[in-house]
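Descriptive structure summary
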Amino acid sequence: MLDTVLNYTFIFLQGLIIALLFDQLNIIDLSKKNILFLSILSFFDYNLWGGILYTIIFSFTINYFSRGKIPVLVSIFYTSYLLVSTAIIYQLLDNVLLLIYNSYNSNYTLMIIIELIFLPCAIFLLQTALMYYFRSYLIYFANNILAKYRNQAVIFDIVLLSYVFLRFSELENKSLIASVILGVLAAYIYLITLYSQGKEIELAKEAQLQNLLEYTLQIEKLYNELRHFKHDYKNILISLEYCLDHDDLAGVKEIYQNAIVPTKSVISLELQIIGQLQNIGDPALKGILSNKLSLALSKKLKVTCEVPEQIFLDSRISQLDMVRILSCLIDNAIEAACESSNKLLSVAFFEHNNEQIIIIRNNTKEKMIPLQSLNKSGFTTKKTGDHGHGLTNIRYILNNYPFITLTTSSNEYVFQQEITIAGGQP
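About the cut-offs
- Residues numbered from 1 in each chain as written.
- Predicted model: local features only at pLDDT ≥ 70, side-chain atom pairs only at ≥ 80, totals over all residues.
- Heavy atoms only, no water.
- Core = buried A, V, L, I, M, F, W, Y, C linked by side-chain atoms within 4.5 Å.
- Buried < 20%, exposed > 50% of the residue type's maximum accessible area, 1.4 Å probe, protein only.
- Helix = DSSP H or I, 4+ residues; strand = E, 2+ residues; numbered from the N terminus.
- Contact = heavy atoms within 4.5 Å.
- Pairing = 2+ DSSP bridges.
- UniProt positions renumbered as here; feature names shortened; annotations may be inferred.
- Expected span 1.5 Å × (residues − 1).
- Patch = residues over 30% accessible without salt bridge, like charges linked within 9 Å, V, L, I, M, F, W, Y side chains within 5 Å.
- Areas by Shrake-Rupley, 256 points an atom, 1.4 Å probe, with all protein chains shown as cover.
- Salt bridge = Lys/Arg side-chain N within 4 Å of Asp/Glu carboxyl O.
- Lys, Arg positive; Asp, Glu negative; His and termini not counted.
- Charge placed at Lys NZ, Arg CZ, Asp CG, Glu CD.
- Phe/Tyr/Trp six-rings, centres within 6.5 Å; stacked < 30°, edge-to-face > 60°.
- Lys NZ or Arg CZ within 6 Å of the ring centre and 35° of its normal.
- Axes fitted to C-alpha atoms, helices over the stretch in contact; angles between N-to-C directions.

Residues Met322 and Leu326 are the most contacted members of the largest nonpolar core, which totals 41 residues. Of all the elements in the fold, those that place two or more residues in this core are helix H9 (268-277), helix H10 (283-298), strand E1 (302-306), helix H11 (319-339), strand E2 (344-352), strand E3 (355-363), helix H13 (387-398) and strand E5 (414-421). Examining the composition of this core, we find that 10 residues originate from one element, H11, more than from any other. The contacts of leucine 326, once residues within four sequence positions are left out, are Leu285, Leu289, Ile358, Ile360 and Ile419. Formed by 39 residues, the second largest nonpolar core is a distinct cluster that contains Ile18, Phe22, Leu119 and Leu146.

Now the structure itself:
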């Protein structure tokens, strides 16, 4: 009877470890009740088919708790990976602790302490340490590869579920086979993630060149508009001169209303923005801001841009990284502003107290956005559900720059992202 109680207690603790590790992935808000429920599900994990049943039920539950934001195939991948890696660590530690147990003449009390206290704590701490290093690769792989390519997701899930099945089998070398399977999968995740990130950088560089080209074309377009405006302006002055010479006040008013007033909007917004962007000394940033703000204008948003004085991006920061960050934040701001009633978007870039500050502000449809949810991977208010991963990628980029902080606020239908680069130029 006691052995049965201890066995189920250990199964529950294993389930608790899996639930806590899933929470550490930071891809979903799990309440204490959610974690307890997921831990209880581990009682399915008791025999050959129970492990697979537990994994599938756990994954569907995560899908339900996330309200569908985490696809079932991706959830199965996360669950299987955590279950497999935890089982392998358990097997390795259990073999070591068994030697310790035997050296103390098989003390039963010591066995209980090892199995129910020391072993679960050791597994959790080791998994937490591994998660700290491997988490970014795991989430990037799930979000950018498995979520996009369902065939790969199915193959990975089948392989991982096969291991779950394998660990209850009677094969002599099952531990070795399982370790090889997990090692190959881990290496594949690591390598394919590096490859995908490399391709992403290449595409970002191509986009950067395209932004610069579009910026140049925009300058040429504005120059031509200015030239035509100059020609029209001379004709307007001639007409005004004629009306004034003949004391034709009605004619002056008509020319003002029909010819002068419309010219206020001919180039004023784009010219104002281009004028402000001239103060940015980095061509890449100038190109992306010009591209995105022009896009906002084409969507009939009220756009303002403030760069009050000459400024160069802090040399400690990769221009490519900052382009990726700004591209994501402004894309999100444009989409949110388009759905709002005031449709306002503003961007500012300036220096203050030896700090560089970039502010992106937009109107929102909602009075207030839940900021806590933004910290979860995959969270999005977009109907398409795409840019939640973009926000996650921003956090990964900022992890490389401890001197940069991203502050988010939302109040009274205004959403603001503020990037602060401490220290300014080194």
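Picking up after the structure, the text goes on.
Let us look at the pairing of E3. Burial analysis of E3 places 7 of its 9 residues in the buried class, which makes it a mostly covered element. Where E2 lies against E3, 8 bridges are found, and the strand directions are antiparallel. Paired with leucine 345 across the strands is asparagine 362, a residue of E3. Hairpin connection between E2 and E3: a loop of 2 residues separates the two successive antiparallel strands, and asparagine 353 in this loop has a positive phi of roughly 50°. Here 8 bridges tie E3 to E5, and the two strands are oriented antiparallel to one another. Paired with asparagine 362 across the two strands is phenylalanine 415, which belongs to E5.

Note that leucine 30 resides in the loop between helix H1 (2-24) and helix H2 (32-40). On a C-alpha basis, the gap between leucine 30 and serine 66 in space is 9.0 Å, while along the polypeptide they are 36 residues apart. Setting aside its immediate chain neighbours within four residues, leucine 30 contacts Ala19, Asp23, Ile35, Leu38, Ile62 and Phe65.

This next bit is on the UniProt feature "transmembrane region" (unreviewed entry) in the chain. Annotation from UniProt places "transmembrane region" (unreviewed entry) at residues 5-22, 34-58, 70-90, 110-133, 153-169 and 175-195. For residues 5-22, helix accounts for 100% and strand for 0%, while the C-alpha atoms at its two ends are 26 Å apart. End C-alpha atoms of residues 70-90 are separated by 28 Å, and the span's content is 90% helix alongside 0% strand.

Turning our eyes to something else, we now look at H10. Between its terminal C-alpha atoms H10 stretches 22 Å, which fits the 22 Å expected from 16 residues at 1.5 Å a residue. Of all 16 residues making up H10, 12 are buried, and the element is well covered by its neighbours. At the exit of H10 stands lysine 300, carrying a positive phi of roughly 65°.

Next up on the list: a negative patch on the surface. Taken together, the side chains of Glu241, Asp245, Asp247, Asp248 and Glu254 present a region of like negative charge at the surface. Tracing the backbone through its elements, the reader meets aspartate 245 in helix H7 (residues 174-245). Overall, the relative accessible area of 56% leaves aspartate 245 in the exposed class.

Enumeration over the complete set of coordinates arrives at 8 aromatic pairs. Aromatic side chains phenylalanine 77 and tyrosine 78 sit 5.8 Å apart centroid to centroid with 50° between the ring planes, which places their arrangement in the tilted category. Each member of the pair, phenylalanine 77 as well as tyrosine 78, carries the same accessibility label: buried. Every member of this aromatic cluster is reached through a ring pair, and the members are Phe22, Tyr54, Phe58, Phe77, Tyr78 and Tyr81. A cation sits over an aromatic face here: arginine 316 above phenylalanine 403, 3.9 Å from the ring centre.

So, on to the sheet that holds E2. Strand order in the open sheet formed by 5 strands is E1-E2-E3-E5-E4, and the pairing between neighbours is mixed. With partners counted over all chains shown, the strands left at the sheet margins are E1 and strand E4 (404-411), one partner each. Neighbour to neighbour, the strand axes of the sheet diverge by 10° on average, direction disregarded. In terms of strand pairing, E1 meets E2 through 5 bridges, oriented parallel. Residue lysine 302 lies in a different strand from E2, and its bridge partner there is leucine 344.

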